[in-house]
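# A structural walkthrough
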Amino acid sequence: LAARAAGAVVAESSVVAEETNADHSVWPGCQEQATMIHAAGHAIFADLQALGVVSGCFQEDCLHTDKFTALSVESCPRVCAALPACRFWVWGVEDGEQRCWFRSSDEGREANATGWVSGARSCAPPGQQPLSRGKPECWMQEFSYDTCCGLSNGLSGNPACWDGRWSYDKCCLPEVEL
């Protein structure tokens, strides 16, 4: 009985030591649980539709938004990595839906925010790649996302880019589950 109890103490000590030595610089340890970062003038507004975002956007405009409805927390760092100005991401519930937000600063940080998770741009699952704007297989020679899909070209993009094989919907609206 004493040997069994001693074994339990050793096993418990190992778990405590493991938790104490956890690497908080890598996923998922880098996530800041119960931490919200309010906009505080540092919201990143961008064309998230180009990355495959279709819902939960600011004023339902995914062409100019700092947030979107997300299936999982992993979506947040993936989109953040595709936005040059993004330094922090936030994941939490708004209006009954899980969403991601993007910030250029962590000014406005709030601790003890139950149900919220935040992370720096570098806090992402190992091997996760940033999203590309549009579908990469569409871009060749003088054709690029900006040339064909940029907002200055109107809602259907640049007509000079489209033919029987390529279209605005096929090239500018990626099908990505976020």
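Structure's up top.
In this report, the structure presented in the accompanying data block is examined. (Residues numbered from 1 in each chain as written. Predicted model: local features only at pLDDT ≥ 70, side-chain atom pairs only at ≥ 80, totals over all residues. Heavy atoms only, no water.)

## Thoughts on the state of the cysteines
In the structure shown here, the tally under the stated rule is seven disulfides. Across the disulfide from Cys57 sits Cys62; the S-S distance is 2.0 Å. With the S-S dihedral at roughly 95°, the linkage between Cys57 and Cys62 falls on the right-handed side. Accessibility expressed as a relative area gives 2% for Cys57, which makes it buried. The buried category is assigned to Cys62, whose relative accessible area is 8%. (Disulfide = S-S within 2.5 Å. Buried < 20%, exposed > 50% of the residue type's maximum accessible area, 1.4 Å probe, protein only.)

## Some remarks on the sheet that holds strand β3 (residues 67–69)
Read across the sheet, five strands follow the order β1-β7-β4-β5-β3 without closing on themselves; strand pairing throughout is antiparallel. Looking at the sheet topology across the chains shown, the edges are occupied by β1 (32–33) and β3. The sheet contact formed by β3 and strand β5 (residues 97–103) spans three bridges and is antiparallel. Residue Lys67 lies in a different strand from β5, and its bridge partner there is Trp101. (Pairing = 2+ DSSP bridges. Helix = DSSP H or I, 4+ residues; strand = E, 2+ residues; numbered from the N terminus.)

## Examining the environment of Phe45
Relative to the helices and strands, Phe45 resides in the loop between β2 (35–37) and β3. Setting aside chain neighbours within four positions, we find Phe45 in contact with Phe58, His64, Thr65 and Asp66. (Contact = heavy atoms within 4.5 Å.)

## Re the pattern of salt bridges
Here the structure, examined in full by the defined rule, presents seven salt bridges. A salt bridge links Lys67 to Glu94, with the nearest nitrogen and oxygen atoms 2.7 Å apart. Of this pair, Lys67 sits in strand β3 while Glu94 sits in strand β4 (residues 88–94), and the two are 27 residues apart along the sequence. Of the charged contacts, one joins Arg109 and Asp106 as a salt bridge, the two residues approaching to 2.9 Å between their closest N and O atoms. (Salt bridge = Lys/Arg side-chain N within 4 Å of Asp/Glu carboxyl O.)

## Points about unusual backbone geometry
Peptide bonds are, in most cases, trans, and in most cases residues other than glycine have a negative phi. Omega for the bond connecting Trp27 with Pro28 falls within 30 degrees of zero, at 0°, which places this linkage in the cis form. Among the structural elements, Pro28 can be located in the loop between α1 (2–20) and β1. The phi dihedral of Ala34 is positive, around 55°, even though this residue is not glycine. Inspection of the secondary structure puts Ala34 in the loop between β1 and β2. Given the relative accessible area of 26%, Ala34 is considered partly exposed.

## Description of the pairing of β5
On a regular strand, one side chain projects to one face of the sheet and the next to the other, so that they alternate. In terms of residue burial, β5 counts as a mostly covered element, since five of its seven residues are buried. As paired strands, β4 and β5 are joined by seven bridges and run antiparallel to one another. Directly across from Glu94, in β5, lies its bridge partner Glu97.

## Examining the nonpolar core
Across soluble globular proteins, nonpolar side chains show a tendency to be buried alongside one another. Judged by nonpolar contacts, the single largest core of 26 residues is most densely connected at Leu48, Phe68, Val79, Leu83, Trp89, Trp91 and Phe102. Every element with two or more residues in this core is listed here: α2 (75–80), β4 and β5. With three residues, α2 is the largest single contributor of residues to this core. One finds Ala50, Cys148, Cys149 and Trp162 within the second-largest nonpolar core, a separate group that totals eleven residues. (Core = buried A, V, L, I, M, F, W, Y, C linked by side-chain atoms within 4.5 Å.)

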